[in-house]
Amino acid sequence: MEKIKIALTKGRLAEKSIQLFETMGIRFSAFYEDSRKLIIPSDCENFEVILVKALDVTTYVENGAADLGIAGKDTLLETNADVFEIVDLGFGKCRFAVAGPTHFDINQAVKLSVATKYPKVASQYFSDQGKQIETIKLNGSVELAPLVGLSDVIVDIVETGRTLDENGLEILENMHDISARLVANKASFKTKNQALKPLIEEVKEVIAVRQG
Ligand SMILES: Nc1ncnc2c1ncn2[C@@H]1O[C@H](COP(=O)(O)OP(=O)(O)OP(=O)(O)O)[C@@H](O)[C@H]1O
Ligand SMILES: O=P(O)(O)OC[C@H]1O[C@H](OP(=O)(O)OP(=O)(O)O)[C@H](O)[C@@H]1O
């Protein structure tokens, strides 16, 4: 069987992704070793996982360096990648929100400034409402921006709401639900269909069982 390469998001989604494959009997024992290796072979040698940053998963899949990928819907929306989105995996649940200081009135700002790790998502959201904004691209600690006068509001991921709460911010508008998605390279989907189809079907079955 031709080897199937799977790009996984390092960090929050990696272990849950590995566990999904384990449920299907595909083990990646090397994943649990204390190592800096970025390519992890499966124990059966038919699969290979590559570990990449969240916003890079779709780049590897789109360009065929990986056949499959597991990425958050947030990154799919931001990168707008040309990949097949196959199934909602039901983990990594969180949401996009506009957040800011308590009672901040978005409509009062002449030109709203928005700090975010997701400038395309933010611009699209406000342009759909006919609002022009200034985006300020940050790479983390986004909640800090309105507290120190860098921006009026933020567009960011909210999971438990704890980070907003502990920094005196609140959700002003809920935008989009997020969860992890299985994606596929469009060419691999055809050329490796014999190997990919049963795998994808099994993922769908596992997810259906999990969701009861
Ligand atoms: N509380 C959360 N914060 C951020 N992402 C979350 C959260 N809960 C689930 N996710 C999902 O996990 C994915 C990976 O998040 P992770 O925090 O590991 O990476 P990242 O914050 O984008 O990268 P990094 O912190 O390494 O720059 C996100 O793209 C999102 O889909
Ligand atoms: O609602 P909560 O449960 O508090 O989770 C949301 C927080 O988690 C993420 O940050 P992350 O931990 O990835 O840190 P960084 O983006 O600041 O590096 C996200 O950007 C929020 O700041």
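Named according to an unreviewed UniProt entry, the protein chain is ATP phosphoribosyltransferase originating from Aquisalibacillus elongatus. Quoted straight from UniProt, the Sequence similarities (unreviewed entry) entry for the protein chain says "Belongs to the ATP phosphoribosyltransferase family. Short subfamily." Under the UniProt heading Pathway (unreviewed entry), the entry covering the protein chain gives this text: "Amino-acid biosynthesis; L-histidine biosynthesis; L-histidine from 5-phospho-alpha-D-ribose 1-diphosphate: step 1/9."

Undergrad: Any chance you could explain helix α4 (residues 119–128) here in plain terms?
TA: Every α-helical turn comprises 3.6 residues, leaving residues that sit three or four positions apart pointing alike. When we look at burial in α4, the residues that qualify are V121, A122, Y125 and F126. Along the axis of α4, the buried residues cluster in a sector spanning 120°; they form a single face. Turned more than 90 degrees from where α4 packs its buried face, K120 and D128 sit exposed. Looking at the residues trailing α4, positive phi occurs at G130, about 75°.

Undergrad: Please clarify how the domain arrangement of the protein chain should be interpreted in this entry.
TA: Under the domain assignment, the protein chain is made up of domain 1 (4–92 + 179–210) and domain 2 (94–177). The interface is formed by 9 residues belonging to domain 1 together with 11 residues belonging to domain 2. Summed over both sides, the interface of domain 1 with domain 2 buries roughly 730 Å², with 55% coming from carbon and sulfur. Contact with domain 2 buries surface across domain 1, with D74, L77 and E78 losing the most and accounting together for 65% of the total. Viewed at the interface, domain 2 and domain 1 are joined by 0 salt bridges. There are 4 residue pairs in polar contact (both at pLDDT 80 or more) connecting domain 1 and domain 2. Ranked by residues supplied to the side of domain 1 that touches domain 2, first place goes to helix α3 (residues 73–79) with 4 residues. Here the side of domain 1 that touches domain 2 is built from residues that sort into 2 nonpolar, 2 polar and 5 charged.

Parameters and conventions
- Residues numbered from 1 in each chain as written.
- Chains lettered and ligands numbered in written order.
- Predicted model: local features only at pLDDT ≥ 70, side-chain atom pairs only at ≥ 80, totals over all residues.
- Heavy atoms only, no water.
- UniProt positions renumbered as here; feature names shortened; annotations may be inferred.
- Buried < 20%, exposed > 50% of the residue type's maximum accessible area, 1.4 Å probe, protein only.
- Helix = DSSP H or I, 4+ residues; strand = E, 2+ residues; numbered from the N terminus.
- Arc of directions from axis to C-beta.
- Domains from an automatic or database assignment.
- Contact = heavy atoms within 4.5 Å.
- Buried area = accessible area lost by both parts, 1.4 Å probe.
- Salt bridge = Lys/Arg side-chain N within 4 Å of Asp/Glu carboxyl O.
- Polar contact = N/O pair within 3.5 Å; in protein donor to acceptor, adjacent residues only side chain to side chain.
- Nonpolar A, V, L, I, M, F, W, Y, C, P; charged D, E, K, R; others polar.

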